[in-house]
Structures are given as structure tokens and as C-alpha cells.
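# Coordinate analysis (summary)
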Amino acid sequence: MKSLDDLEVAGRTVLVRSDFNVPLADGPDGTRIITDDGRIRASLQTILDLRSAGAKVVVIAHLGRPKGEPKAELSLAPVAVRLGELLGIPVALGADITGSQAQALVAAMNPSDVVLLENIRFDARETSKDPQARAALATELASLADLYVSDGFGVVHREQASVTDIAQLLPSAAGRLVHKEASVFARLLADPARPYVVILGGSKVSDKLGVIGNLIGRVDRLLIGGGMAFTFLAAQGYPVGDSLLEADQIETVKGFIEQARASGVALLTPVDIVIADSFSADAATQVVDSDSIPDGWRGLDIGPRTAALFAEQIADAATVVWNGPMGVFEMAPFAAGTRSVAQALADSGGMTVVGGGDSAAAIRLLGLNEADFGHISTGGGASLEFLEGKTLPGIAILEEH
Ligand code: ADP
Ligand code: MG
């Protein structure tokens, strides 16, 4: 895969696809405020390196789901301001994406200037299933620049105009972030140091089923917590009360349990559970064995014995991948399991990788030090597809060219 260093960028206009899909909240007077600028910071290195090499940098990004039409509340205006603060220069925002205003802004650029195009998803062609529609948008984008740099790891698993189609039209390379993320995941797939332990949690089993299927042949231990654990408990014939359950996945999960047994992979599910009588921070709670969740109660965290067991399984691992919180960590009474697992990773002497937006958010919310983790991925979906062994279109296209 080509990197920035393989491109001759001085004096040339470079389109950079970044992932600036940051969380926003309402501020005073109808303004929007960025509540976590982590994704913008993660994208800075590429822009900084291009600027110092004398490129004119035109950044493409998306925000939220505007469904193909302009929406004022999903304008990238607050991102342009924050990016400008972080770079220490003004960053002009195009009033449109490839229209006359963006063209004029780009035409007026000097080397090392940075322009941000408006939310690419304001144009329905960006995510269109019709390759010709995507190609038309990609052609308009390409006419703005000489080179393309793919640096939005959060979107490389998508076939989209500004991710894949554009890379066929301009000389292309991976930016610093995509390069780093892709090498971490390639290493996990090719040659992980052992023992190799994966901890999965979070809320949606169906999202992560493909990953589980692929991991069983590769890992030494698979630890299951979070909302998805209850489908595993149900598959073992245990009652789960009002806990999250994907009943239509029970048969598939039974297959995984069988497959793990047959291939000698340790598949661990919780031995105890923190249950609550409602989904609320002030619910009544108790800890029960995982085969004894009473009717009317729901499991909202792994119990303390499970947390200790999982931490022990992580302690001597040489490679640890964690995706998905162990409980509803956003509420203090159900955060202990996630905290234990996160702390076990932070204490690990092995290579540690965190995937999943909520897992990364949990690390920050629980006050752990991000520097104690080997790699915190910026792409939840993309990191899962890597673990699943899939070919990611946005990576494949860079490798082809
Ligand atoms: P990630 O973004 O890290 O991949 P997911 O999006 O799959 O993680 O899941 C995160 C969500 O799962 C969190 O909001 C958390 O509250 C929720 N969750 C974890 N455990 C449970 C549970 N036992 N019941 C309900 N929700 C849960
Ligand atoms: Mg999530």
C-alpha cells in the first residue's frame, strides 16, 4: 500500500478523505458544539505532513446521516473551526461540495492552505448503490485536485464515492491514520503473538456474529460479556429474564459453542451477572449466578467473579483485542465489569488493541489513560470487518493502485 511518502505533493492539490464524524450537542443560540474531538485529532498528522510538504490540502468528510440533502445542523462548520484551532491556521469551509463555491475556494489556495468541503453526505451520490452515480460525484471531486489520500479509517469498509471511486481516478495513497490502522489489523490477522485473547461485548450479537465465527479458528481464548452474553447464556439453556436477547441467533450461537469445543478454543461466558429491576441508574440491583436470572430482572453488567476471571485470562496474554463494553458502563452501577476489563488491558504487557466507538468512549469516561493502550482504533465497523477476515473495499483499492 502506498503511503504519503510515495506521493510528490509539493505545490499540488491533494484531496484527503478524513473521518470527522464527531459527536455534537446543542450549544447556545442554535450553535453546535463538538463534545469529543478525538477523530479530528487522530486525523491531524496526515494534514500536518501534507502542509509541511507544501501541498494544498482539500479535506472531504461526512457528519451524521443527512440522507443525501443539506441539513444545517449537520454542517461541518464546527469541525472547520476546531480543525483550524488544532492546526493554528484558518480553515475555510466550502459552502458546497463540488459546486462553484468550492471550485473558487480551491482555485484561490496557496501551498499549505487547508480547505474543508461541506458534508459529503449532503450529496446523495456519495453513498449511492448505483456505481454510475458514485462515479459522477467522484469525477467532480477529482476535477478539484491532482492526488488523493485515503485517511478516514471509519469509512474504509464502505464502497462510497469519496472512499473507493475517487481512488480509481487520481494517483492515491493511504494517509498516516489508515496506514497505521491497517498495519495493526494486518498483523493481528497474519501473526498474532500468543496467547491471543479476544474480549467481545456490546449490545448487538448479530453485528458481531461474523467476527465470532472467524475468530474461533484463530484465537486461543474468546471472552464474551456485555449484552451479547445473554444470547450465549440462552443457548446454554439458562433463563435470561428481561436481558437483551437475540432469540433468532440462538442456534448460530449454539454452533459457535460446539465449534469452540471441537477446536480447543476456550470460549468463556459470564459466571455471574449484575441484574437490575429496570434499565436505570437507580434501579434495585443484585449479583446472581449466570444460570439464575429471575423473571422480571435484566442483566446490565458482568458480575465481580466474571470480571476477575476475565482479568486473569487477559493478564498472561501476548495479544489482546477488546471490542464492546461488558455492561451499561454509561450508568455507574453497571460500569465495574467494563472498568476491570479495560484496566486489565491497560496493565497488560502484551500488544493491546481496542476497537469500537463505545469501548474507546468507555476508556475516556472511566478516566483510564489512553496511553496505556497499544492501539485504540478510530473505526468500529472497519475494525470488526478486519477481524472478520473480510476484504475492505477502501483498503483493497489502495493496494491495487
Ligand atoms: P462498540 O461501539 O464498542 O462496538 P456496541 O456499540 O456494540 O460497542 O455496544 C455498546 C453499548 O452496549 C453500550 O451503550 C452499552 O451500554 C451497551 N451494553 C453493554 N452491555 C449491555 C447489557 N448487558 N444490556 C444492555 N446494553 C448493554
Ligand atoms: Mg457502538
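Criteria and cut-off values
- Residues numbered from 1 in each chain as written.
- Chains lettered and ligands numbered in written order.
- Predicted model: local features only at pLDDT ≥ 70, side-chain atom pairs only at ≥ 80, totals over all residues.
- Heavy atoms only, no water.
- Helix = DSSP H or I, 4+ residues; strand = E, 2+ residues; numbered from the N terminus.
- Rg over C-alpha atoms; globule rule 2.2 N^0.38 Å.
- Buried < 20%, exposed > 50% of the residue type's maximum accessible area, 1.4 Å probe, protein only.
- Contact = heavy atoms within 4.5 Å.
- Areas by Shrake-Rupley, 256 points an atom, 1.4 Å probe, with all protein chains shown as cover.
- Core = buried A, V, L, I, M, F, W, Y, C linked by side-chain atoms within 4.5 Å.
- Domains from an automatic or database assignment.
- Near = heavy atom within 4 Å.
- Polar contact = N/O pair within 3.5 Å; in protein donor to acceptor, adjacent residues only side chain to side chain.
- Pairing = 2+ DSSP bridges.
- Salt bridge = Lys/Arg side-chain N within 4 Å of Asp/Glu carboxyl O.
- Buried area = accessible area lost by both parts, 1.4 Å probe.
- Nonpolar A, V, L, I, M, F, W, Y, C, P; charged D, E, K, R; others polar.

## Brief notes about the overall build of the protein
A tally of helices and strands in the protein yields 15 helices and 17 strands. The C-alpha atoms of the protein give a radius of gyration of 23 Å, which matches the 21 Å a tight globule of 401 residues would have. Projected onto its principal axes, the C-alpha positions of the protein cover 70 × 50 × 40 Å. The buried share among the 401 residues of the protein stands at 55%. For the protein, the proportion of contacts with a sequence separation of at least 24, taken over those separated by at least 6, is 72%. Carbon and sulfur atoms make up 49% of the accessible area of the protein, which totals about 16100 Å².

## Some thoughts on the nonpolar core
If you look at the biggest cluster of nonpolar residues, it comprises 102 residues, and the most contacted ones within it are Leu-15 and Leu-222. When we break this core down by domain, the ones giving at least three residues each are domain 1 (2-178) and domain 2 (191-386). Beyond its immediate chain neighbours, meaning those up to four positions away, Leu-222 contacts Val-198, Leu-200, Ile-212, Leu-215, Ile-216, Ala-266, Leu-267 and Leu-268. Ranked by size, the runner-up nonpolar core spans 25 residues in total, among them Leu-268, Phe-329, Val-341 and Ile-363.

## A short note on the site of ligand 1
Looking at ligand 1, there are 19 residues lining it, with Lys-208, Gly-299, Glu-330, Asp-358 and Ser-359 nearest. Contacts to ligand 1 include Gly-357, whose backbone N or O atom sits 3.4 Å from an oxygen atom. At a separation of 2.6 Å, an oxygen atom of ligand 1 approaches a polar side-chain atom of Ser-359. The fraction of the free accessible surface of ligand 1 (580 Å²) that becomes covered by protein chains is 84%. Listing elements by their share of the shell around ligand 1, those giving two or more residues are strand 14 (298-302) and helix 13 (357-365). Residue contributions to the shell around ligand 1 peak at three residues, all from helix 13.

## Describing the sheet that holds strand 7 (residues 147-150)
Strand pairing within a sheet occurs via backbone hydrogen bonds; the two strands may be parallel or antiparallel. The strand order across the open sheet built from six strands is 5-6-4-1-7-8, with neighbouring strands paired in parallel fashion. Whereas interior strands pair on both sides, the edge strands pair on one side only; in this sheet they are strand 5 (92-93) and strand 8 (172-174). Two strands pair when backbone bridges link them, and strand 7 and strand 8 are joined in this way by three bridges, in the parallel orientation. Within strand 8, the residue paired with Val-149 across the bridge is Ala-173.

## Section: the pattern of salt bridges
Counting across every chain of the model gives 20 salt bridges. Linking Arg-176 and Asp-49 is a salt bridge whose minimum nitrogen-to-oxygen distance equals 2.7 Å. Taken together, the positions of Arg-176 in helix 7 (residues 176-190) and Asp-49 in helix 2 (residues 44-52) put the pair 127 residues apart, joining distant regions of the chain. Looking at Asp-49, the relative accessible area reads 22%, which means it is partly exposed. Its salt-bridge partner being Asp-165, residue Arg-134 comes within 2.9 Å of it at the nearest N-O pair. Here Arg-134 is found in helix 5 (residues 131-142), whereas its partner Asp-165 is found in helix 6 (residues 161-165), with 31 residues between them in sequence. Here Arg-134 matches Asp-165 in class, with each residue buried. Residues participating in the shared-partner salt-bridge network are Asp-37, Arg-41, Arg-82 and Glu-85.

## With respect to unusual backbone geometry
Here the amide bond leading from Arg-194 into Pro-195 is cis, since omega sits at 0°, within 30 degrees of zero. Along the chain, Pro-195 turns up in the loop between helix 7 and strand 9 (196-200). Of note in the backbone geometry, Lys-67 takes a positive phi value of approximately 55° without being a glycine. For Lys-67, the position within the fold is in the loop between strand 4 (56-60) and helix 3 (77-87). Located in the positive-phi region is Ser-112, a residue other than glycine, with phi close to 75°. Its place among the elements puts Ser-112 in the loop between helix 4 (100-107) and strand 6 (114-116).

## Some details on the environment of Ala-307
Looking at the element boundaries, Ala-307 is found in helix 11 (residues 304-315). Given a relative accessible area of 7%, Ala-307 falls into the buried group. Considered as a pair, Ala-307 and Ala-77 are 230 residues apart in the sequence and their alpha carbons are 43 Å apart. For Ala-307, the residues in contact, after removing those within four places along its chain, are Ile-302, Gly-337 and Ser-340.

## Details of the domain arrangement of the protein
How large an interface is tends to be reported as the accessible area lost when its parts come together. Splitting the protein by domain gives domain 1 (2-178) and domain 2 (191-386). Just the C-alpha atoms count here: the centres of domain 1 and domain 2 sit 35 Å apart. Taken together, the contacts link nine residues of domain 1 with nine residues of domain 2. Buried surface at the junction of domain 1 and domain 2, summed over both partners, amounts to about 700 Å²; 59% is from carbon and sulfur atoms. When the buried area of domain 1 at its contact with domain 2 is split by residue, Asp-36, Phe-153 and His-157 rank highest and sum to 63% of it. In this structure, the connection of domain 1 to domain 2 is made through one salt bridge. Note that Arg-364 is salt-bridged to Asp-36, the shortest N-O span being 2.8 Å. The interface formed by domain 1 and domain 2 contains two residue pairs in polar contact (both at pLDDT 80 or more). Tallied by class, the residues present in the side of domain 1 that touches domain 2 amount to four nonpolar, two polar and three charged.

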